Amino acid sequence: MTQSATNPRRSVNILGCRGVPAAHGGFETFAARLAPYLVQHGWDVTVYCQDDVQPGADMGFYDDEWQGVRRRHIPIARTGPVGTISFDLKATRDVLSRPGVDLVLGYNTAVFAALNRIKRRKVVMNMDGIEWKRAKWSAAAKAWFYLNERAGSYLSQVAIADHPSISDHLRSVSGIKSVVIPYGADLITGADAALLEPLGVTPNRYFVSIARIEPENSIFEIVQAFSLKPRNARLVVLGKLEDSNPYHQKVKAAASTEVDFPGAIYDADRLAALRFYTLAYMHGHQVGGTNPSLVEALGAGNPVIAHNNRFNLWTAGEGQFYFATVEECAAHMEHLLDHPAAADAARVAARARYARDFEWEKVLGQYRMLLEDVADGAPVKPAY
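All of these numbers come straight from a predicted model, not from anything done at the bench.

Here we have eight strands laid out as an open sheet, ordered β3-β4-β2-β1-β5-β6-β7-β8, and mixed in their pairing. Both outer strands of the open sheet, β3 (62-66) and β8 (179-180), are each paired with one neighbouring strand and no more. Alignment of strand β1 (residues 11-15) against strand β5 (residues 101-105), held across four bridges, turns out to be parallel. The partner of Leu 15 across the bridge, within β5, is Val 104. The sheet strands contacting helix α2 (residues 80-95) are β1, β2 (44-52), β4 (69-76) and β5, and the helix crosses β4 at an angle near 130 degrees.

This is the structure in structure tokens:
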């Protein structure tokens, strides 16, 4: 559909992330891509942004502009989950007086969408992964996420799944049909190898893991597999390690002298270099949908060694390597170290898989088509 004199300028309000530009995670990166893209296509876009402030600071809301996007700032004096819940509730209340479609990223506080629906607003919600199945959460947290997943399914006018298996899950637990739109990533065709020097690694002689260091991401198994024998190579494990965390100490204890823990790295150029020059990207995630880090590895043309499950199999696709045990993981590492041609074939497969579904232009275009249909009251197709 196209806009005309009888079809006023469309508007969308983006809630559920901490704001733009991106500084925290996948949803922020996505919002920082989608919001300017929609502005370029004639939309009025508002993104709600959480401002962390000290208690007693000025708590008034205010607006500014970024790349043509209106940023609605909400000061929050509390930290952690309580602060996030407070931010989401304040954003939801504020948006009720604004025009446009409400695009909610994530279902963690989906119960608040009841306010949007009472006001007969159009709500589109990205349902993210199956958060309540993650082992790291307490029973109370799992119950909260489960409740909100159900609430998001019923309260959103359109639910978006970023993976076919998430769509299947939503249909099985809630009986709803969702629109499948995956996550996107940049194409990386080159990087500055000099950025690797401080890390002490040589191009194509290291494996890299970029993930939170927690059990469901199989970090211990990956470290254990690499450390079974000398490799004459490196394993670089990115992520924050805490001395007080027993799992983190278990991971470090399993590491050989060829494993490096540089901590969390947020510099985009250094991350691009780490991805571009790695022999293989290690992806141990056991639950979730289209994981952004895995999609970014495909955009960099990385061979992938991933945990063998339905989420990773669909995302990484054919031509990659999958493990269910430490021994299988170790065998794939050894194979790629000894057979450069196998790594080259996996790189070709990774780029082909990326081009098929994960280019930003394709992903953003699918969101625009969906939001246009919702804004204009047109029937929403079951998939894009």
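What the rule picks out here adds up to eight aromatic pairs. Where Phe 207 meets Phe 226, the ring centres are 6.0 Å apart and the plane angle is 70 degrees; that geometry is what we call edge-to-face. Here Phe 226 lies in helix α6 (residues 219-226) and Phe 207 lies in strand β9 (residues 206-210), a separation of 19 residues in the sequence. Among the aromatic residues, those joined into a cluster by ring pairs are Phe 30, Tyr 183, Trp 360 and Tyr 367. Sitting over the ring of Phe 226, Arg 231 keeps its end group 5.9 Å from the ring centre.

Further remarks concern unusual backbone geometry. Here the bond from Val 20 into Pro 21 is cis, since omega is 0 degrees, no more than 30 degrees from zero. Within the secondary structure layout, Pro 21 lies in the loop between β1 and α1 (26-40). Of note in this structure, Gln 67 is not a glycine but carries a positive phi near 50 degrees. Following the sequence through the fold, Gln 67 ends up in the loop between β3 and β4. Its relative accessible area of 52% is what places Gln 67 among the exposed residues. Look at Asn 204: it is not a glycine, yet its phi comes out positive at around 65 degrees. Note that Asn 204 resides in the loop between β8 and β9.

Another aspect to go through is helix α13 (residues 360-376). With 17 residues, α13 should reach 24 Å at 1.5 Å per residue; the first-to-last C-alpha distance of 24 Å fits that figure. Every buried residue of α13 is accounted for by Trp 360, Val 363, Leu 364, Gly 365, Gln 366, Tyr 367, Leu 370, Leu 371, Glu 372, Asp 373 and Val 374. Within two residues after α13, Gly 377 carries a phi angle of roughly 75 degrees, on the positive side.

Under the criterion given, the structure shown has 21 salt bridges. For Asp 376, the salt bridge identified is with Arg 10, shortest N-O distance 2.8 Å. Of the two residues, Asp 376 is situated in helix α13 and Arg 10 in the segment before β1; the sequence distance between them amounts to 366 residues. Classification of Asp 376 by relative accessible area gives partly exposed; the value is 24%. You can call Arg 10 buried: its relative accessible area is 4%. Residues Arg 368 and Glu 372 are paired through a salt bridge, measuring 3.1 Å at the closest nitrogen-oxygen approach.

Membership of the largest hydrophobic core comes to 34 residues, with the highest contact counts inside it found for Ile 14, Leu 34, Val 45, Val 47 and Val 124. Among the elements that line this core, the one with the most residues is α1, at eight residues. Not counting residues within four places of it along the chain, the set of residues in contact with Val 45 comprises Val 12, Ile 14, Ala 35, Leu 38, Val 39, Val 69 and Arg 70. Counting 30 residues, the second largest nonpolar core, distinct from the first, contains Ala 211, Ala 280, Phe 321 and Phe 323.

Conventions we followed
Starting afresh in each chain, residues are numbered from 1 along the sequence in its written order. Where totals are concerned, whole chains, interfaces and linings use all residues; where local detail is concerned, this predicted model gives features only for residues with pLDDT of at least 70, and gives and counts side-chain atom pairs only at 80 or more. Excluded from the side-chain calculation are hydrogens and water; included are all heavy atoms of the structure. Pairing between two strands is assigned when DSSP locates at least 2 bridges connecting them. Helix and strand definitions follow DSSP, with helices as H or I runs of at least four residues and strands as E runs of at least two, each counted in order from the N terminus. Residue contacts are defined here by distance: any two heavy atoms, one from each residue, within 4.5 Å place the two residues in contact. Whenever a helix is involved, its axis is fitted only over the stretch in contact; in every case the axis is a line through C-alpha atoms, and angles between N-to-C directions fall within 0 to 180 degrees. To pair, rings of Phe, Tyr and Trp, with the six-membered ring standing in for Trp, must have centres within 6.5 Å; the planes then decide the type, stacked if under 30 degrees apart, edge-to-face if over 60, and tilted in the middle. Charge-over-ring contacts are defined here by two conditions on Lys NZ or Arg CZ: a distance within 6 Å of the ring centre and an angle within 35 degrees of the ring normal. Partly exposed residues are those whose accessible area sits between 20% and 50% of the maximum for their type, while under 20% is buried and over 50% is exposed, using a 1.4 Å probe and protein chains only. One fewer than the residue count of a helix, multiplied by 1.5 Å, yields its expected span. For salt bridges, the criterion is a side-chain nitrogen of Lys or Arg within 4 Å of an Asp or Glu carboxyl oxygen. As used in this record, nonpolar core signifies buried Ala, Val, Leu, Ile, Met, Phe, Trp, Tyr and Cys residues forming a set joined through side-chain atoms within 4.5 Å.

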